[in-house]
Amino acid sequence: MNPAEATVSMKARFKETFSRAVRVHFVGAWDTVSSVGVLRGKTLPGTTDGMQHVCYFRHALALHERRVKFLPEYANGASGPPREDSDQPHTKEVWFAGSHSDIGGGSTQNAALNRFGPSLRWMTFEASRCGLLLTDTLRQWEDSNISESLSGAWKLLEYLPFSRVSFKQPQENGTVWWPHLGEPRAIKPGQMIHESAIDCQVENRATVPVGTFWEELVHRDNIEHDPYAAAQHIARAMLRKGKSGPLMLTTKELHDITVLTKTDIGLKSLRDVQSDLISGSFVEPLLTSLETELAQNSVQTSSDGIGTAQVIVKALSAVWDAPPPAQVKKVAHSLAFKDAELANDFMKAFSSPALGSNFGSHDAAVTCAAFLPDDRRLVSASNDGTLRIWNVATGELEIGPVPRHDGRVTCISVHGWRIASSGYDGTFSVSNFDSGALLVGPVTAHKGKTLHSIAFSPAGIYLATGGGDDLATIWNAYTGAKIHDMVGHIGPVVSVSFSNDGERLVTGSNDRCIRVWAVRSGECLGAPLLGHTGSITSVFFDCTDKRIVSASLDKSVRVWDTATQQLCREPMN
């Protein structure tokens, strides 16, 4: 065997051993051109004879490109793709307004890489439609841009004889040599015009097939619709149909919505469509269409309705408008007979769903919970006397159970890395939430009677507690040492809260009174705030410290002016 044959044999064995035949699923090209060299040479295998080595080929073409060195390479040589009776044809070649760099990018600076012009919107849609999973990235919506590329030195090349493919109508694969002279490109039968290019400028635009006018071409079935404008088209069409009878999504409308729900930009277009409608609501026709779909499909034998319902539910969840509760209930009831899980998803879309799975459980009723400062975890307390720290995203228990009280935990407060808890057992303690370690306590307070409330001061220096001995007490948060009692209530103090500047404390009691105290001295500031006819359940300063809000068992909420100690408005009940 000569060396050349040996080399070929070795390559063949290597390929057979380490390679396997594959078929590329999707190829998207932006204005592929033949721009290298003086003589027209061979093209890459399979690129101009139908692209049969790929499952789907999509080609965005520049309608206003005229340079001789940027003549297009169609998938079928000098011809357009054959027409296919399919929603997903093998080849699509679509014309967009602009020059070569307008279509493929580069005509303008875009350091943020966030522009989302017509050709990219179309290619994104087609890729999703053909099954590709795309990263969700919000981009800036762009309209068509048409720049003049035939300028400067490029003009000189138009007078030189280059070998090139002839694009005479209707089709011809021969080559010619005469000067190009800035001749416009040729639209071939089978190629489509993107809807963003329908009203583009006439000057320098590609020529239409012989015997056809531009106006005639764009009003035939030669228009490729902008997928991300589809939400507006569908919304308006459904609103029109809703005036004349029952609503049903057409196959194309359903397909467009299906693809729109697969990408973040598509979902955003659905969310934005309502604000663009002059009148009416996109939600109403979607819900009506869903009801009609459910009513017309057999529960026992048809699965088509569920597929359509899933698409509409996902579209509805992307639209912020809240539909009428009665209609939500009606649709959810119909969904439940076909798919309980889908009905649950539907209800979650229009209520306040949990952000994640349920957390684990305490051994008794949970009495209180609070987010930790990292927003990644939360602490819960229970009648079982324990604290537990959970991962918010996963619902998993990270720390605990941490035993802190003999019986019910009545209240918790969080500051920095510390958690303070009060209990029915008349004690309070302070724990490190990163380890669960005990930092302070347990401290017996309020003569061992129930501690109803506990709160850190804004700076974390003090703790305030309210107890069953009718007192509010200020403590050193780091040592647990008592600083002073606040005497004045004649019933258990059930709620305590610091002002935002840390200088005052507001307390609420079963004696139906609200009192404001000076934290440093323990003195009561002014007269008690009177008006509730039932026990106080909660009191707080607002963010400006100018108002206090109180809640009571008398079924009312009251807002008080801290300067005048008078009601700001009538009670809310």
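Since this is a predicted model, take the numbers as computed values, not measurements.

## So, the sheet that holds strand β28 (residues 547-552)
And step 1. Taken in spatial order, the three strands make up an open sheet running β27-β28-β29, and their pairing is antiparallel. Bordering the open sheet on either side are β27 (536-541) and β29 (557-561), each of which pairs with just one other strand. Within this sheet the neighbouring strands show an average axis-to-axis angle of 20°, counted without direction.
And step 2. Bridge count between β27 and β28: five bridges; the pairing is antiparallel. Opposite phenylalanine 541, over in β28, you have isoleucine 548 as the bridge partner.

## Here's the deal with the confidence of the model for the protein chain
Note that predicted coordinates carrying low pLDDT should not be read in detail.
And step 1. Mean pLDDT over the protein chain works out to 79, with 81% of the residues at or above the 70 mark.
And step 2. Counted against residues more than four places away or in other chains, residues 298-306, with its pLDDT under 50, gives twelve contacts.

## Overview of the sheet that holds strand β13 (residues 377-382)
And step 1. In spatial order, the strands read β12-β13-β14-β15; together these four strands make up an open sheet with antiparallel pairing. At either end of the open sheet lies a strand with only one pairing partner, and these are β12 (366-371) and β15 (397-403). Strand-to-strand twist in this sheet, taken as the mean axis angle between neighbours without regard to direction, amounts to 15°.
And step 2. One ladder, built from five bridges, connects β13 with strand β14 (residues 386-391); its direction is antiparallel. Looking across to β14, one finds that leucine 378 is bridged to tryptophan 390.

## Notes on the nonpolar core
Generally speaking, soluble globular proteins have nonpolar side chains that are buried together.
And step 1. Core analysis: the biggest nonpolar cluster contains 25 residues, and Leu270, Leu290, Leu316, Val331, Leu335 and Phe346 have the highest contact counts within it.
And step 2. Secondary-structure elements contributing two or more residues to this core are α6 (230-242), α7 (251-260), α8 (264-276), α9 (283-296), α10 (304-318), α11 (325-338) and α12 (340-349).
And step 3. Excluding anything up to four places from it in sequence, leucine 290 contacts Ala309, Ile312, Val313, Leu316, Val331 and Phe346.
And step 4. Formed by 15 residues, the second largest nonpolar core is a distinct cluster that contains Leu63, Ala97, Ala197 and Ala206.

Criteria and cut-off values
- Residues numbered from 1 in each chain as written.
- Predicted model: local features only at pLDDT ≥ 70, side-chain atom pairs only at ≥ 80, totals over all residues.
- Heavy atoms only, no water.
- Pairing = 2+ DSSP bridges.
- Helix = DSSP H or I, 4+ residues; strand = E, 2+ residues; numbered from the N terminus.
- Axes fitted to C-alpha atoms, helices over the stretch in contact; angles between N-to-C directions.
- pLDDT = per-residue confidence, 0-100.
- Contact = heavy atoms within 4.5 Å.
- Core = buried A, V, L, I, M, F, W, Y, C linked by side-chain atoms within 4.5 Å.
- Buried < 20%, exposed > 50% of the residue type's maximum accessible area, 1.4 Å probe, protein only.

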